[in-house]
Amino acid sequence: MRQRGILRCGVNTGLPGFGAPDSQGEWTGLDVDICRAVAAAVLGDARKVQFIPLSGRQRFSSLLSGDIDLLSRNTTWTLSRDVQGMDFAPPVYYDGQAFMVRRSFSARSVRELNGATICVQQGTTTELNLADYFQSTGMSYKPLAIEDLGELVAAFFSGRCDAYTTDASALAATRAAQTVSADDYLILPELISKEPLAPAVRKGDEQWSDIVRWTVFALIEAEERGVTKANVRDNLGSAAPGVQRLLGVQTGAGLGKSLGLDDDWAVRIVSQVGNYGEVFERNVGRNSVLRLDRGLNALWNQGGLMYAMPIR
């Protein structure tokens, strides 16, 4: 990748807030910013990324074949995936599977979907979770499984199914992207699964796995330490040992070199991309089109699960 001078990053084919081109064709989203953070750390420039849109079925074969260097595409970390040639970085978004219905539909709870026709993306953990849930509750359903995300969404909004199921964040993104009134569609309150969404790389290159892993941790650590895109340069003179280690200015620490990088790696990440909180807020937070709360994705010391391993 360094010889090529560009990071090939697999992203969603179009999921607002996580991975989608804007009206100017510029890729935006939380997963997209993870790609940019890695490029900033390794290549020195967050813009040195080739974004490769992949379907749910394409994503793993593209990673394992070497067509992409990094998969950053709202992908759930599971045991079966972990042992099939992939290394996962820390989750960048903790999610859960939910259901969306038209407000005119009678259901106000997942328990009221007995006998419903449900749209689900083929070849995903979502499809398995759906089957597991209905089997465990003794309810019946009619699946309408479609691989292409655009076709799947069109099927739901055209009324071919009673409910659409996927990660709750993706439901919010899909609803926000429609020309219909968002108030006409309701996301049911229950979550039926745990969905830790994490970037992934191929197994076999431990240094590359370490770089991606610690890039995510650096984003989280920067938020915890109060280091932002606007103040990162000012913090180079900080007296706080934790900030000094993160930014590579503590004498003798040499932490960047242990990753095969220079000691400015985290400075480049934060100065070009921001910290995790900034990435979250601009892409999916309360002031974004998705208007999501931090919830489980708050820092560990603010009631959430976002926790960076110590950078020392």
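Quick summary incoming for the structure in this document. Model, not experiment: these values are computed from the prediction.

**Quick word on helix 11 (residues 276-283)**
1) Next: Listed in full, the buried residues belonging to helix 11 are Tyr276, Gly277, Val279, Phe280 and Asn283. Relative to the axis of helix 11, the buried residues are bounded by an arc of 165° and lie together on one face.
2) Next: A side-chain oxygen of the first residue of helix 11 lies 3.0 Å from the backbone nitrogen of Gly277; this N-cap is Asn275.

**Re the packing of helix 7 (residues 206-225) against helix 10 (residues 265-273)**
When two helices pack together, their arrangement is captured by the angle between the axes and the distance separating the axes.
1) Next: Between helix 7 and helix 10, the least distance of the axes is 10 Å, while the angle of their chain directions is 65°. Crossing hand, helix 7 versus helix 10: right-handed. Packed against helix 7, whose contacting residues are Trp214, Thr215, Ala218, Leu219 and Ala222, the element helix 10 presents Trp265, Ala266, Ile269 and Val270 at the interface.
2) Next: Here the contact of helix 7 with helix 10 is composed, by residue class, of eight nonpolar, one polar and no charged.

**Overview of the environment of Glu206**
1) Next: With respect to the helices and strands, Glu206 occurs in helix 7.
2) Next: Spatially, the C-alpha atoms of Glu206 and Leu259 are 9.8 Å apart, while their sequence positions differ by 53 residues.

**Considerations on the sheet that holds strand 11 (residues 163-167)**
1) Next: Spatial ordering of the open sheet is given by 10-9-11-8-12, a layout of five strands whose pairing is mixed. Each edge of the open sheet carries a strand with a single partner, namely strand 10 (141-146) and strand 12 (185-187). Across this sheet, the average inter-strand angle for adjacent strands is 30°, counted without regard to direction.
2) Next: Looking at chain direction, strand 8 (residues 97-102) and strand 12 are connected through three bridges and run antiparallel. By the bridge assignment for strand 12, Met100 is matched with Ile187.
3) Next: Across the face of the sheet, helix 5 (residues 149-157) comes into contact with strand 8, strand 9 (116-121), strand 10, strand 11 and strand 12 while running at roughly 160° to strand 9.
4) Next: Sheet strands touched by helix 6 (residues 168-177): strand 8, strand 11 and strand 12. Its angle to strand 11, the strand with the most contacts, is close to 125°.

**Some points on the nonpolar core**
1) Next: Counting 61 residues, the largest nonpolar core has Leu7, Leu30 and Trp208 as the members making the most contacts within it.
2) Next: For this core, the secondary structure elements donating two or more residues are strand 1 (7-12), helix 1 (30-43), strand 4 (49-54), helix 6, helix 7, helix 8 (241-247), helix 10 and helix 11.
3) Next: Here this core takes eleven residues from helix 1, the largest share from any one element.
4) Next: Apart from residues no more than four positions distant in its own chain, Leu30 is found in contact with Gly17, Phe18, Val92, Tyr93, Tyr276, Val279, Phe280, Asn283 and Val284.
5) Next: Grouped together as the second largest cluster of nonpolar side chains are 17 residues, Phe105, Ala116, Val120 and Leu130 included.

**A word on the pairing of strand 9**
1) Next: With respect to burial, strand 9 is a largely interior element, six of its six residues being buried.
2) Next: Note: strand 9 against strand 10, six bridges, orientation parallel. Of the residues in strand 10, the one forming a bridge with Val120 is Ala145.
3) Next: Where strand 9 lies against strand 11, two bridges are found, and the strand directions are parallel. When the sheet's bridge partners are listed, Ile118 is paired in strand 11 with Ala163.

**Points about the side chain of Asp167**
1) Next: As for its position among the elements, Asp167 is in strand 11.
2) Next: Here Asp167 is buried and forms no salt bridge, its nearest opposite-charge partner Arg59 lying at an N-O distance of 7.6 Å.
3) Next: With sequence-adjacent residues up to four places away left out, Asp167 is seen in contact with Asp95, Gly96, Gln97, Glu195 and Leu197.

**Section: the pairing of strand 8**
1) Next: Counting buried residues along strand 8, five of its six residues qualify, which places the element largely inside the surrounding structure.
2) Next: Of the strand pairs in this sheet, strand 8 and strand 11 are connected by five bridges, and their pairing is antiparallel. When the bridges of strand 11 are listed, Gln97 appears paired with Asp167.

Criteria and thresholds
Residues numbered from 1 in each chain as written. Predicted model: local features only at pLDDT ≥ 70, side-chain atom pairs only at ≥ 80, totals over all residues. Heavy atoms only, no water. Buried < 20%, exposed > 50% of the residue type's maximum accessible area, 1.4 Å probe, protein only. Helix = DSSP H or I, 4+ residues; strand = E, 2+ residues; numbered from the N terminus. Arc of directions from axis to C-beta. Polar contact = N/O pair within 3.5 Å; in protein donor to acceptor, adjacent residues only side chain to side chain. Axes fitted to C-alpha atoms, helices over the stretch in contact; angles between N-to-C directions. Left-handed = near helix turned anticlockwise from the far one by under 90°. Contact = heavy atoms within 4.5 Å. Nonpolar A, V, L, I, M, F, W, Y, C, P; charged D, E, K, R; others polar. Pairing = 2+ DSSP bridges. Core = buried A, V, L, I, M, F, W, Y, C linked by side-chain atoms within 4.5 Å. Lys, Arg positive; Asp, Glu negative; His and termini not counted. Salt bridge = Lys/Arg side-chain N within 4 Å of Asp/Glu carboxyl O.

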